[in-house]
Amino acid sequence: KGKNVGVLIDITAEGLYFKDGVPYAGLTNKQDNHLHIGKTWIPLFPKSKGNEEIEMLVEAGANDLFGERGGTYYLKQAEIVCINKKEYQFDLDLRFLTALAEQLEKDSTRFQKILYGLNECCNVWQGGKGIDKCLEITKELLSKPANASELTVYSIGHAHLDLAWLWPVRETRRKGGRTFATALRMMEEFPEYKFGASQPQLYEWVKKDYPELFKQVQKSVKAGRWECQGAMWVEPDMNISGGEALVRQCLYGKALYMKEFGKDVRNLWLPDVFGYSAALPQILKKSGVDYFMTQKISWNETNKFPHHTFNWEGIDGTRILTHFLPTNDYNLANWPSQLRDSTKRYAQSDVSDEFLNLYGIGDGGAGPGRLHIEFGKRQQDLEGTPKFKFAFAEEFFEKIAAIPAEKLPVWVGELYLEYHRGTYTTQALMKKYNRMLELTLRDVEFLGAVLGGLPKDKMDQIWKDTLLNQFHDILPGSSIHWAYEDAHRMSEENLAKLSAIKDSILTKAFGKGDDTLTLINTLSWDREELVHLERENKMIPVKVPAMGTVTYDRKEFVESYPEGEVEPGGVFDFNLENTQISVDFDPETGEIISIYDNEAHRETLKGRANTLLLWEDKPNNWDAWDINHFYLETKPEQAKFLGADTVMESEDMISVRFRFSIGVSSISQIISLKENSRQLNIKTTVDWKEAHKMLRVRAETAIHNGEALYEIQYGNIKRPTHDNTSWDAAKFETAAHRFADLSETDYGFAILNDCKYGHRIRDNVMELTLLRSPKMPDKEADMRVHEFTFAYLPHPGDFAHSEVLKRAHELNSPLIIHRGSTKHYEDRSYFRIEQNNAVGAIQVKIETVKPAEDGDGTIIRLYETCGRPVDVTLMCHDIWSKMIETNLLEQGDTVVAENTGCVDLGFTPYEIRTFRLVR
């Protein structure tokens, strides 16, 4: 009676204490610097009346903060206890003052006074009888104000929570309940404490799984105690996620925050993501995001990044205010030495008096414990430390936004992480599903916009699932096997759902049967291609207008094309040739030894191409994450050629199967060359059984340029092909989307792909990374049969004057074939681009056509592809009453045209423009 009563529960694992059926507090077990800062103490009665009943329900999981690590999890402690507040505070004072003294100069007056005071505490302690005198001594030592010139550390309690990593998504949902409940209890105990959480996906899960807890979070946000952080749905990978997906990350993320909390979150919160695309500043600014925060570049393996607070400029010239945490961590414990070291590191201390600090236990969630907060309280105004301020990150961003832009440095181009380069390749099937889902979502949205019948609720959920799987430990390949079982299953189910939605839309428009063939082109240029009709066993050339449809009478269409065009099993003489190129193969190795341009009269190879190499792949620490440069000092195994045979030959195309063995794996390739094309498609099947190996394919071109060009989201970026500086050398493995190109002024060579991302281009040698075989954290990573296609495309002109982008996008977005019954549907092009002063084949692409989120009209999004200004005309099949320019979130009311289907538009380099078309 009259005592401060609670319980100590140590389950050596994670758990959640429920009170009256509602999550009340999270339980964790964690040691840090030999101090117990886990969550095992649950306060119940600050002043007990005596004789209260205590009934506790704890949901425990046989895992700790970082998954199941082979330990034994058991109930270690369960006790009702009383707290002696004076001794508790004295214990904290001693811990803190000792830590403070350890980072001071030993000959400083401050150090000597602390040492003397601590010794006095020992002298007067007397078994606890001198506790009041001890607290007087520590209070005096903790009352010395900070130096006037000390920086202010804007500090927000945080719990970085990986939505999957060393645990599956289902465990993340429970971690969310533990983390959020703990944060609320800490707020009750500490009036000055503020907490923030990112990732709207996590909030949505908590709302569904723990509705009463979610209501408490809403109240805390309204009360100004809880901060909603990060505009994106999850904290996604920034190298592999597509441009439109990044837009939807912002769209869905900001929408949830506004709906549930009435908050417009204007920052991008990515403390743990593996590098940042140079397309990001424009995407963010046009999504209503003004600030970007991370710290991951502090992990750089080779070069120290020079700035902490700066303006980051993207490929189009857009700049965004950026802050790199000088703490070099997003899980700070608030030790004096950590804050002191951060102050010394802060590169912009000459123009900025503050930096941001995220403190608490993270990665596996949990957030700050009492020690973190108590240490923060003691450093709010204390000699020997910077000024600790309990504050929202939003307050900090607004503070640095007041710094004149000319006083801050500017970083131009991508923020390349010199680490974790293996994440461009690991878990290849996850990356393939991601590419397929992004493009299938695009196709289905287009069909729904022009034909109707798009089920918004279903599409929203598929988008959210896809965005979830872009989380920075799922899509990059760095999670456990269980996480990929879940992600693969979800992807397969969503692809099936999209197929059913597509079939429903097309059936409503074109009927269902075998009377007609309707071909749909979802790209914004006319296409002349071969389509393979499997039932009829024919390859038939077709023409389909830009973003349009053509319907044929199936019988007449098929019969109009001669019989006997497909002849498998012919003899192959190790040469493929059409009017444009001639390709020769080495009959001993199966490699390509010549790609000769018949029209340009030049050899495009200096050595060989399609050379399959198996490299040692044993990174030092981070198995699934890393490719270390020293693999280049080993000798690779080249694939052994087993034979070749013709699988199809017609007047329009020839395909040849090549068979190889490598390591303990087997490879089959179908290499195809179409008439009137320079593009050599290589459809590859690999039965992958390796351990700590890496499969790459090499082409030694006859092209020389100090820079190569790589596709990124909504544009391209140039990177060096040399190692002149340490910054150049560090980029020995880089990411690209559908293509990479190496060009001289009048000729070039590109490599295209349908689901690969890792590239290396040095001097004239172009390599695509096909597969890896790490064993941690998923020992079964990529052990399966893989199918993918890459292609070689030699081309006249440099990239801007070539068909590289056009062909790469066609490889990834094949024509849609629908067998229907409606014979009199009007052929049409819904949207097309007339390029007035364009320098290349495709300078402006229509990336997205979709129904507006609010149901009012159609959204169309376009971007400039070459990095050069251009004027174009947007041609629409329908007459629209209004064409309104919006931002990427479909907000805006600027009318650019009325009552027209033809609009002239100007684009600056790599500019993205979005319009709402209203009938």
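Summary of the structure given here. (Residues numbered from 1 in each chain as written. Predicted model: local features only at pLDDT ≥ 70, side-chain atom pairs only at ≥ 80, totals over all residues. Heavy atoms only, no water.)

## What about the packing of aromatic side chains?
- All chains considered together, the criterion is met by 48 aromatic pairs.
- On the basis of an interplanar angle of 50° and a centroid distance of 5.4 Å, the ring pair of Phe 305 and Phe 310 is categorised as tilted.
- Pairing Phe 446 with Tyr 830 gives two aromatic rings, centres 6.2 Å apart and planes at 80°, and the pair type is edge-to-face. Note that Phe 446 is positioned in helix H12 (residues 428-451) and Tyr 830 in the loop between strand S43 (828-829) and strand S44 (831-835), a separation of 384 residues in sequence.
- Overall, the relative accessible area of 5% leaves Tyr 830 in the buried class.
- An aromatic cluster is present here, built from Phe 180, Tyr 193, Phe 195, Tyr 203, Phe 214, Trp 226, Tyr 257, Phe 261, Tyr 359, Phe 388 and Phe 390 joined pairwise through their rings.
- Lying across the ring of Trp 167, Lys 175 places its NZ or CZ 4.2 Å from the centre.
- The ring of Trp 299 carries the charged tip of Lys 296 above its face, separated from the ring centre by 3.4 Å. (Phe/Tyr/Trp six-rings, centres within 6.5 Å; stacked < 30°, edge-to-face > 60°. Helix = DSSP H or I, 4+ residues; strand = E, 2+ residues; numbered from the N terminus. Buried < 20%, exposed > 50% of the residue type's maximum accessible area, 1.4 Å probe, protein only. Lys NZ or Arg CZ within 6 Å of the ring centre and 35° of its normal.)

## Let's talk about the pairing of strand S40 (residues 765-772)
- The element S40 is largely enclosed, with a buried count of eight among its eight residues.
- Bridge count for strand S33 (residues 693-700) against S40 is seven bridges, and the pairing is antiparallel. Residue pairing across strands places Met 694 opposite Arg 772, the latter belonging to S40.
- Inspection of the sheet shows strand S39 (residues 758-762) paired to S40 by four bridges, in the antiparallel sense. Paired with His 759 across the bridge in S40 is Leu 768.
- Remark: two residues form the turn of the hairpin made by S39 and S40, two consecutive strands paired antiparallel; Asp 763 in that turn has positive phi of roughly 55°. (Pairing = 2+ DSSP bridges.)

## Topic: the nonpolar core
- Counting 209 residues, the largest nonpolar core has Tyr 203, Trp 226, Leu 415, Leu 576, Tyr 792 and Phe 831 as its most contacted members.
- Among the nonpolar cores identified, the runner-up in size contains 22 residues, and Phe 96, Leu 104, Val 124 and Ile 137 belong to it. (Core = buried A, V, L, I, M, F, W, Y, C linked by side-chain atoms within 4.5 Å.)

## Some remarks on the environment of Gly 867
- Along the chain, the position of Gly 867 falls in the loop between strand S46 (858-864) and strand S47 (870-886).
- Along the sequence, Gly 867 and Phe 915 sit 48 residues apart, while their C-alpha atoms lie 21 Å from each other.
- Ignoring sequence-local partners within four residues, the contact set of Gly 867 consists of Pro 909 and Tyr 910. (Contact = heavy atoms within 4.5 Å.)

## Here's the deal with empty space enclosed by the protein
- Throughout the structure, instances matching the rule amount to nine cavities of 30 Å³ or more.
- In this model, the largest cavity occupies a volume close to 260 Å³.
- Lining the largest cavity we find 23 residues, and of these Gly 242, Gly 243, Glu 438, Arg 738 and Glu 847 sit closest to its centre.
- Elements with a contribution of two residues or more to the lining of the largest cavity: helix H7 (243-261), H12, strand S34 (707-712) and strand S45 (844-851).
- No other element matches the five residues that H12 contributes to the lining of the largest cavity.
- Of the residues assigned to the lining of the largest cavity, the class counts are nine nonpolar, five polar and nine charged.
- By volume, the second largest cavity amounts to about 80 Å³.
- Lining the second largest cavity are Tyr 24, Ala 25, Gly 26, Lys 39, Trp 41, Ile 42, Pro 43, Thr 182, Arg 185, Met 186 and Arg 370.
- When contributions to the lining of the second largest cavity are tallied by element, the ones reaching two or more residues are strand S3 (22-27), strand S6 (41-45) and helix H4 (169-189). (1 Å grid on protein atoms, 1.4 Å probe; cavity = no way out; pocket = protein on both sides within 12 Å on 5 of 7 lines; lining within 4 Å. Points joined across faces, edges and corners; volume = space filled by probe spheres on them. Nonpolar A, V, L, I, M, F, W, Y, C, P; charged D, E, K, R; others polar.)

## Here we look at the sheet that holds S6
- Here we have three strands laid out as an open sheet, ordered S6-S1-S8, and antiparallel in their pairing. The open sheet has two edge strands with one neighbour each: S6 and strand S8 (77-83). On average, adjacent strands in this sheet sit at an angle of 25° to one another, irrespective of strand direction.
- Of the strand pairs in this sheet, strand S1 (residues 4-10) and S8 are connected by seven bridges, and their pairing is antiparallel. Note that in S8 the partner of Leu 8 across the bridge is Glu 79. (Axes fitted to C-alpha atoms, helices over the stretch in contact; angles between N-to-C directions.)

## Considering the pattern of salt bridges
- Summed over the entire model, instances satisfying the criterion amount to 67 salt bridges.
- A salt bridge links Asp 264 to Lys 254, with the nearest nitrogen and oxygen atoms 2.8 Å apart. One end of the pair, Asp 264, is in the loop between H7 and strand S12 (267-269); the other, Lys 254, is in helix H7, and 10 residues separate them in sequence.
- We note a salt bridge from Glu 414 to Arg 719, for which the minimum N-O separation is 2.7 Å. In this pair, Glu 414 sits in the loop between strand S18 (410-412) and H12 while Arg 719 sits in strand S35 (residues 715-720), placing the two residues 305 residues apart along the sequence. Here Glu 414 matches Arg 719 in class, with each residue buried.
- Residues joined by salt bridges that share partners form a network here, namely Glu 14, Glu 171, Arg 174, Lys 175 and Arg 178. (Salt bridge = Lys/Arg side-chain N within 4 Å of Asp/Glu carboxyl O.)

## Quick word on the pairing of strand S11 (residues 226-229)
- Where burial is concerned, the two faces of S11 agree: the one with Trp 226 and Cys 228 and the one with Glu 227 and Gln 229 are both buried.
- One ladder, built from four bridges, connects strand S10 (residues 195-198) with S11; its direction is parallel. From the neighbouring strand, Phe 195 faces S11, where its bridge partner is Trp 226.

Just geometry here; none of it tells us what the structure is for.
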